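# Fold and geometry: a report
Spelled out from the first residue to the last, the chains are:
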Amino acid sequence: MAQVDLDALIPNNVNLAGDRRLARALEAWQPRFVDWWREMGPEGFNAKDVFLRTAVDVGAEGWANFDYVKMPEYRWGIFLSDPVEDRRIGFGDHVGQPVWQEVPGEHRNALRRLIVTQADTEPASVEQQRRLGAICPSLYDLRNLFQVNVEEGRHLWAMVYLLHSHFGRDGREEADELLQRRSGSADKPRILGTFNEPVEDWLDFFMFTMFTDRDGKFQLLSLAESAFDPLSRSCRFMLTEEAHHLFVGETGIDRVVRRSAELSAADPNGLASPHGGIDLPVIQKYLNLWFSNCLDLFGGEISANASSYFAAGLKGRPHEDKFEDHVALEATRMLEVYEAGRLTERELPRRIAINEDARDGYIADCQRAVDRWNKTLDKAGLSYRLTLPHRRFHRRIGIYAEHFFAPDGSPLSAEGFARRQDAWLPSATDRAFVRSLQARPVYEPGKMANWIAPPQKGIDGRPLDFAYVRVEA
Ligand SMILES: [Fe+2]
Ligand SMILES: [Fe+2]
């Protein structure tokens with residue numbers, strides 16, 4: 001297999017030096033990417049030194065290097081995980097056959113669509129988060145934001161490499177368009193709805209890295225199962241970086257919960273807000289919003305597209321090896337549908353409801369994190385508990401989208417929902433209050449904003465009061 005080439009214009013382990021045509025095409029895309037970064041990346045920090053990790057290898061040991069970097073000079077590279085010898089298709093109609101190193105003609109359009117949809121989320125999230133540096137709770141958090149941002153940039157590189165190397169002219173055009181769409185834009189929006197939602201404050205950011213990056217993890221796990229081997233290898237390495245994004249989200253929320261619990265426990269009315277903290281019910285509302293938005297990212301409950309992707313071997317289920325039946329042709333699945341004003345169980349072919357397998361795994365993974373936050377509440381002596389809303393709550397895609405449900409999943413009228421909406425989702429008042437706590441950034445090394453507890457430890461063995469971003473320089 002190809003060596004890691006760190007000195008090339010584009011660091012890579014895909015032997016770009018051996019394919020001058022491809023290298024030239026990517027080298028022409030590179031300055032356009034950096035232009036996009038300067039225009040749409042983190043606002044106000046392009047000239048600052050940030051203590052970042054950079055991928056330098058794909059091995060389990062020592063795959064990354066930590067040092068101060070100015071973000072526009074970050075060494076975005078192309079890295080594929082090591083090939084698996086004699087890898088075979090693990091699911092669908094072609095189970096057991098050798099995987100593909102090239103794109104089969106009949107699956108070209110579908111694969112390009114899957115890759116472009118994944119790719120589009122990467123720059124979108126950087127755009128969504130670009131103003132958070134001006135209101136950060138600490139240098140530790142500021143650095144983590146930028147770490148996530150540069151790695152989303154690298155994930156874009158991973159997908160653009162696939163488009164350039166396997167999809168010819170169409171692929172190159174798609175790669176250009178990835179730099180032209182803009183999150184939240186009216187005329188050129190990003191492809192998926194959640195990636196056009198504003199990320200206005202740091203509670204949003206932690207919810208995003210907890211719930212949206214976790215959707216990303218599940219999409220990458222599904223694509224890592226793909227019969228198209230270069231896609232599988234790209235996604236497997238992206239998962240290594242993604243783990244840190246999920247850590248930022250899960251521990252970020254835990255630190256907000258811990259601080260809110262401390263302040264609430266000491267208040268006669270059990271509130272954190274009079275003491276400059278975020279009330280626990282407001283955290284619950286942000287959770288309801290982001291969790292329900294992210295459930296939509298798994299697609300409809302009944303999906304002919306997902307079924308055909310599965311049949312063809314293009315996109316599997318996360319951790320396909322944990323399922324017993326990899327063909328799922330005879331199997332069925334029960335689904336609660338809402339028909340004629342009531343919920344009814346319907347039995348469906350497993351393949352047509354295959355998105356539910358991924359959604360189940362996602363919900364279980366989110367529940368594990370919620371249990372952890374509840375342990376934090378328990379330790380603080382509070383009886384308040386956070387919960388995941390029902391999968392029917394506040395959906396905009398799929399069979400529940402046209403109807404209204406409470407967080408416990410019970411049906412209600414449009415008016416009934418509208419009346420309770422501010423109790424279930426962040427209201428303008430909630431948002432204004434959270435924003436008021438974050439009006440000023442905290443840039444002194446080791447200091448934390450009042451509304452969040454400090455992390456357990458620093459980054460790469462550095463102390464908490466390390467200058468993770470040199471803001472004054
Ligand atoms: Fe990503
Ligand atoms: Fe991510």
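If you're wondering where the values come from, they're calculated on a predicted model, not measured in any experiment. (Residues numbered from 1 in each chain as written. Chains lettered and ligands numbered in written order. Predicted model: local features only at pLDDT ≥ 70, side-chain atom pairs only at ≥ 80, totals over all residues.)

### Let's talk about the overall build of the protein chain
For the protein chain, the helix and strand inventory stands at 11 helices and seven strands. A compact globule built from 473 residues would reach a C-alpha radius of gyration of about 23 Å, and the protein chain, at 23 Å, matches this within 12%. Principal axes of the C-alpha set define a box for the protein chain whose edges measure 70 × 65 × 40 Å. A total of 473 residues make up the protein chain; the buried ones form 44% of that total. (Helix = DSSP H or I, 4+ residues; strand = E, 2+ residues; numbered from the N terminus. Rg over C-alpha atoms; globule rule 2.2 N^0.38 Å. Buried ≥ 20, exposed ≤ 12 C-beta atoms within 10 Å, placed from the backbone.)

### Remarks on helix 4 (residues 168–178)
Every buried residue of helix 4 is listed here: Gly 171, Glu 174, Ala 175 and Leu 178. The buried residues of helix 4 occupy an angular sector of 105 degrees when the element is viewed end-on, so they sit on one face. Of the residues in helix 4, the exposed ones pointing more than 90 degrees away from the buried face are Arg 169 and Glu 173. Looking at the buried side of helix 4, the elements it contacts are helix 1 (20–40), helix 2 (108–128) and helix 3 (139–166). (Arc of directions from axis to C-beta. Contact = placed C-beta atoms within 7 Å.)

### Considering the environment of Phe 393
Examined against the element boundaries, Phe 393 turns out to sit in the loop between helix 9 (355–379) and strand 5 (404–405). Measuring from C-alpha to C-alpha, the distance between Phe 393 and Asn 149 comes to 30 Å, with 244 residues separating the pair along the chain. When sequence neighbours within four positions are dropped, the list of residues in contact with Phe 393 reads Asn 288, Ser 292, Phe 405, Ala 406, Pro 407 and Gly 409.

### Focus on the pairing of strand 4 (residues 342–349)
Across a regular strand the side chains alternate sides, sitting on one face of the sheet and then on the other. Taken across its eight residues, strand 4 has zero buried, putting it largely on the surface. Summarising the sheet, strand 3 (residues 332–339) and strand 4 pair through eight bridges and their orientation is antiparallel. Looking at strand 4, one finds that Arg 333 is bridged to Leu 348. Connecting strand 3 to the antiparallel partner strand 4 that follows it, the hairpin turn spans two residues, and Ala 340 within it adopts a positive phi of roughly 50 degrees. (Pairing = 2+ DSSP bridges.)

### Comments concerning the environment of Val 116
Mapped onto the elements, Val 116 comes out in helix 2. Taking the number of C-beta atoms within 10 Å as the measure of exposure, Val 116 has 21 and is therefore buried. Taking C-alpha positions, Val 116 is 31 Å from Cys 136, a pair spaced 20 residues apart along the chain.

### Overview of the environment of Arg 113
When you line up the elements, Arg 113 lands in helix 2. Put simply, Arg 113 and Arg 32 are 81 residues apart on the chain and 22 Å apart in space, counted from C-alpha to C-alpha.

### Observations regarding the sheet that holds strand 7 (residues 469–470)
Backbone-to-backbone hydrogen bonds pair the strands of a sheet. The strands run either parallel or antiparallel. The sheet built from three strands is open, its strands ordered 2-1-7 with antiparallel pairing. Strands with a single pairing partner mark the edges of an open sheet, and in this sheet they are strand 2 (64–70) and strand 7. As paired elements, strand 1 (residues 49–55) and strand 2 share seven bridges and run antiparallel to each other. Pairing of Arg 53 across the sheet is with Phe 66, part of strand 2. Helix 3 contacts strand 1 and strand 7 of the sheet and is inclined by roughly 40 degrees relative to strand 1. (Axes fitted to C-alpha atoms, helices over the stretch in contact; angles between N-to-C directions.)

### Some remarks on the nonpolar core
Counting residues in hydrophobic clusters, the biggest one holds 104 residues, and the most contacted among them are Ile 115, Val 160, Met 207, Val 256 and Ile 278. It is helix 3 that provides the largest number of residues to this core, a total of 15 residues. Beyond its immediate sequence surroundings of up to four residues, Ile 278 is in contact with Leu 203, Val 256, Ser 260, Ala 272, Ile 283, Val 434, Leu 437 and Trp 451. (Core = buried A, V, L, I, M, F, W, Y, C linked by C-beta atoms within 7 Å.)

### Some thoughts on helix 6 (residues 229–265)
Spanning 37 residues, helix 6 covers 53 Å between terminal C-alpha atoms, matching the ideal 54 Å at 1.5 Å per step. Of all the bends found along helix 6, the most pronounced is centred on Thr 240 and spans about 35 degrees. Counting buried positions over the 37 residues of helix 6 gives 26, a clear majority of the element. (Expected span 1.5 Å × (residues − 1). Bend = angle between axes of the 7 residues up to and from the residue.)

### Quick look at the packing of helix 2 against helix 3
Relative orientation of the contacting elements helix 2 and helix 3 amounts to 155 degrees, with a least axis distance of 8 Å. When the interaxial angle is binned, helix 2 and helix 3 end up roughly antiparallel. As helix 2 runs across helix 3, the sense of the crossing is left-handed. In this structure, helix 2 contributes Ile 115, Gln 118, Ala 119, Glu 122, Pro 123, Ser 125 and Val 126 to the contact, and helix 3 contributes Asn 149, Glu 152, Gly 153, His 155, Leu 156, Met 159, Val 160, Leu 162 and Leu 163. (Parallel < 35°, antiparallel > 145°, perpendicular 65-115°, else oblique. Left-handed = near helix turned anticlockwise from the far one by under 90°.)

### Points about unusual backbone geometry
Here the phi dihedral of Asp 86 falls at roughly 55 degrees; this positive angle occurs in a residue that is not glycine. Following the sequence through the fold, Asp 86 ends up in the loop between strand 2 and helix 2. Residues other than glycine seldom take positive phi values, yet Ala 328 does so here, at roughly 55 degrees. Mapping Ala 328 onto the fold places it in the loop between helix 8 (304–312) and strand 3. Using a count of 23 C-beta atoms within 10 Å as the deciding quantity, one classes Ala 328 as buried.

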